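# Chain and residue survey
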Amino acid sequence: MAQLSPLLKQATPVLAERGEGVYLYGADGRRYLDFTAGIGVTNTGHCHPRVVEAAQKQVATLIHGQYTTVMHRPLLRLVEALGDVLPDGLDSLFFLNSGSEAVEASIRLARHATGRQNIVVFHGSFHGRTMGAAALTTAGTKFRAGIGPLMPGAAVAPFPQAYRYGWDEDEATRFALRELDYVLATSSPASDTAAFVVEPVLGEGGYIPAPPAFLEGLRERADRHGILLVVDEVQTGFGRTGRFWGHEHSAARPDVLITAKGLASGFPLSAIAAPAALMEKARPGSQGGTYGGNAVACAAALATLEVIRDEGLVENAAVLGARLNEGLRKVAADHPEIGDVRGLGLMQASEFTGPDGEPDAAAAQRAHRAAAEQGLLLLTCGAFGNVVRMIPPLVVDASQIDDALALWSDAVAAAVAAAVG
């Protein structure tokens, strides 16, 4: 009898039968507030009627039109629609299936375009599980241990993790940029460095927003040294942080943007965007794939963009993200086990630490499990597994935020009581 790999561990005990908006319904009929959104994928909520209608209509017309063999209208319309939301100048797109694939494509493009081999990433980064992307991932050893040798040419510089260092944001930013300069002077010469690859908010690394001055410092150094700035917006894009793109909280603009997750409301679709003059430097035949730009996924992505615009979901993420952050801080004020609350928009996290300030993964896991028992689905993250993150669909309303905060408060209290008992 066949079975799923035993390495696939569920974060929650739920066998989902259906989803609607911000809710999942288990096989037992129980309703759960889903503040995981499929790891930041269902930004328009589960089974948004307009996304469902677009996908159903496309399934009956053309399911698979392989886009290096034939062209199809959903893809062409999606390219046009994305042009309205992409940063100025990023006018050329290449579509794939997953975030990891898009990261790999950005590496290939950066190396072709610059003739350089090195890629600089930052501590706590998550860029994927495929071999090239894993070489750029430092969010935890589980993503890269035991599979070496990894792709050569990856260098790592500090990310300004102010809470971890015990500094304020400005001091952490100065340190990270100074250390990046040191990396360029020692282990990855600027003349050999093709790109900086950075997340506007560390995802698996602990939901740590990049200070605007840090991203702007990367932009300045990229311009000075002829290095490309590649921004990984896989989790932060499509309104998640209260801006359409996470990097828009700063003045920095990318040379290459990577998107996936929220792009198609649950259908597999990813892309990289770059100026046409840059994209043209990729070598012929270096871009392609069987399923990239799938017609049904493109139709779903078009509907997703329309829903985000028509329902004001970017603005909703900003307003309700502030409400969620305020509520999480109130819970933390009553529980010293939570050392830090942080995030942007509807991408918020609570970090659990012990009395000595060291990571407390056990407390985070207890709170995470207690929340699921209360009917609130969450995820953990961070190198030590001591961060609990909240990623609700962007269609969430104020009453649902308040419901989640009440459940979270009860879950934290239960986790603390369990530790004492």
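Residues numbered from 1 in each chain as written. Predicted model: local features only at pLDDT ≥ 70, side-chain atom pairs only at ≥ 80, totals over all residues. Heavy atoms only, no water.

An unreviewed UniProt entry lists the protein chain under the name Aminotransferase class III-fold pyridoxal phosphate-dependent enzyme, with Actinomadura violacea as the source organism. If you open the UniProt record of the protein chain and go to Cofactor (unreviewed entry), you find "pyridoxal 5'-phosphate". Listed under Sequence similarities (unreviewed entry) in UniProt, the entry text for the protein chain is "Belongs to the class-III pyridoxal-phosphate-dependent aminotransferase family." (UniProt positions renumbered as here; feature names shortened; annotations may be inferred.)

## A look at the overall build of the protein chain
Helix and strand counts for the protein chain come out as 13 helices and 17 strands. In the protein chain, which comprises 421 residues, the proportion classed as buried is 56%. About 18000 Å² of surface is accessible on the protein chain, with carbon and sulfur atoms providing 52% of the total. (Helix = DSSP H or I, 4+ residues; strand = E, 2+ residues; numbered from the N terminus. Buried < 20%, exposed > 50% of the residue type's maximum accessible area, 1.4 Å probe, protein only. Areas by Shrake-Rupley, 256 points an atom, 1.4 Å probe, with all protein chains shown as cover.)

## Description of the layout of surface pockets
In this structure, the second largest pocket encloses a volume near 720 Å³. Lining the second largest pocket we find 36 residues, and of these Q161, A162, R164, I208 and R342 sit closest to its centre. The set of elements that each furnish at least two residues to the lining of the second largest pocket consists of α6 (162-165), β9 (208-209), α8 (212-225) and β13 (338-343). Looking at which element gives the most residues to the lining of the second largest pocket, the answer is α6, with 4 residues. Of the residues in the lining of the second largest pocket, the class split is 16 nonpolar, 14 polar and 6 charged. Residue-level mapping places the lining of the second largest pocket at the junction of two domains, with at least three residues from each of domain 1 (16-48 + 312-420) and domain 2 (50-310). (1 Å grid on protein atoms, 1.4 Å probe; cavity = no way out; pocket = protein on both sides within 12 Å on 5 of 7 lines; lining within 4 Å. Points joined across faces, edges and corners; volume = space filled by probe spheres on them. Nonpolar A, V, L, I, M, F, W, Y, C, P; charged D, E, K, R; others polar. Domains from an automatic or database assignment.)

## Digging into the packing of aromatic side chains
Aromatic rings considered in pairs are described by the distance between their centres and by the relative angle of their planes. Inspection of every chain in the model, using the stated rule, returns 10 aromatic pairs. Ring centres of Y165 and F175 lie 5.3 Å apart, and the angle between their planes is 70 degrees; this geometry places the pair in the edge-to-face category. Within this pair, whereas Y165 is found in helix α6, its partner F175 is found in helix α7 (residues 169-186), the two being separated by 10 residues in sequence. The residue whose ring lies beneath R31 is Y23, and the NZ or CZ to ring-centre distance is 4.0 Å. (Phe/Tyr/Trp six-rings, centres within 6.5 Å; stacked < 30°, edge-to-face > 60°. Lys NZ or Arg CZ within 6 Å of the ring centre and 35° of its normal.)

## Structural notes on the packing of helix α12 (residues 361-374) against helix α13 (residues 398-420)
Across the interface, α12 lies against α13 with an axial gap of 8 Å and an inter-helix angle of 130 degrees. When the interaxial angle is binned, α12 and α13 end up oblique. The chirality of how α12 crosses α13 is right-handed. Contacts between α12 and α13 involve A363, R366, A367, A370, A371 and Q374 from the first element and L407, W408, D410, A411, A414, A415, A418 and A419 from the second. Of the residues assigned to the contact of α12 with α13, the class counts are 11 nonpolar, 1 polar and 2 charged. (Axes fitted to C-alpha atoms, helices over the stretch in contact; angles between N-to-C directions. Parallel < 35°, antiparallel > 145°, perpendicular 65-115°, else oblique. Left-handed = near helix turned anticlockwise from the far one by under 90°. Contact = heavy atoms within 4.5 Å.)

## Details of the sheet that holds strand β2 (residues 23-26)
By definition, the strands of a sheet pair up through backbone hydrogen bonds, in either a parallel or an antiparallel sense. Taken in spatial order, the 4 strands line up as β1-β2-β3-β15 in an open sheet, and their pairing is mixed. The open sheet is flanked by β1 (16-20) and β15 (376-377), the only strands paired with a single partner. Here strand β3 (residues 31-34) runs beside β15; their pairing, made up of 2 bridges, is parallel. Bridge assignment links D34 to a residue of β15, and that residue is L377. (Pairing = 2+ DSSP bridges.)

## Some words on the domain arrangement of the protein chain
For the protein chain, the domain assignment lists domain 1 (16-48 + 312-420) and domain 2 (50-310). At the junction of the two partners, domain 1 supplies 36 residues and domain 2 supplies 33 residues. Inspection of the domain 1/domain 2 interface yields 1 salt bridge. Of the charged contacts in the structure, one is a salt bridge between E204 and R389, with a shortest N-O distance of 2.9 Å. Across the contact surface, domain 1 and domain 2 share 18 residue pairs in polar contact (both at pLDDT 80 or more). Looking at the side of domain 1 that touches domain 2, the elements that each hand over two or more residues are α1 (37-40), α11 (313-334), β13, β14 (348-352) and β17 (387-390). Residues that form the side of domain 1 that touches domain 2 fall into these classes: 20 nonpolar, 12 polar and 4 charged. (Salt bridge = Lys/Arg side-chain N within 4 Å of Asp/Glu carboxyl O. Polar contact = N/O pair within 3.5 Å; in protein donor to acceptor, adjacent residues only side chain to side chain.)

## A few points about the pairing of strand β5 (residues 118-122)
For β5, a buried count of 5 out of 5 residues is recorded, marking the element as mostly surrounded by other parts of the structure. Both faces of β5 are covered, namely the face carrying N118, V120 and F122 and the face carrying I119 and V121. Across 3 bridges, β5 lies against strand β7 (residues 193-198) in parallel orientation. Looking at β7, one finds that N118 is bridged to T193. By the bridge criterion, 4 bridges tie β5 to strand β6 (residues 154-157) in an arrangement that is parallel. Across the sheet, the residue bridging to F122 is A157, located in β6.

## A few points about the packing of α11 against α13
What describes two packed helices is the angle between their axes and the distance between those same axes. α13 packs onto α11 with a crossing angle of 20 degrees between their chain directions and a minimal axis gap of 10 Å. Overall, the two elements α11 and α13 adopt an arrangement that is roughly parallel. Of the two elements, α11 crosses α13, and the hand of that crossing is right-handed. Of the residues in α13, those touching α11 at L320, R323, L324, G327, L328 and V331 are A398, I401, D402, L405, W408, S409 and V412. In terms of residue class, the contact of α11 with α13 is made up of 9 nonpolar, 2 polar and 2 charged.

## Here's the deal with helix α3 (residues 73-82)
Buried within α3 are the following residues: P74, L75, L78 and L82. The buried residues of α3 occupy one face: seen down the axis, they fall within an arc of 95 degrees. In α3, the exposed residues that point more than 90 degrees away from the buried face are R73 and E80. On the buried face of α3, the contacting elements are α2 (49-59), β4 (92-96) and α10 (295-310). (Arc of directions from axis to C-beta.)

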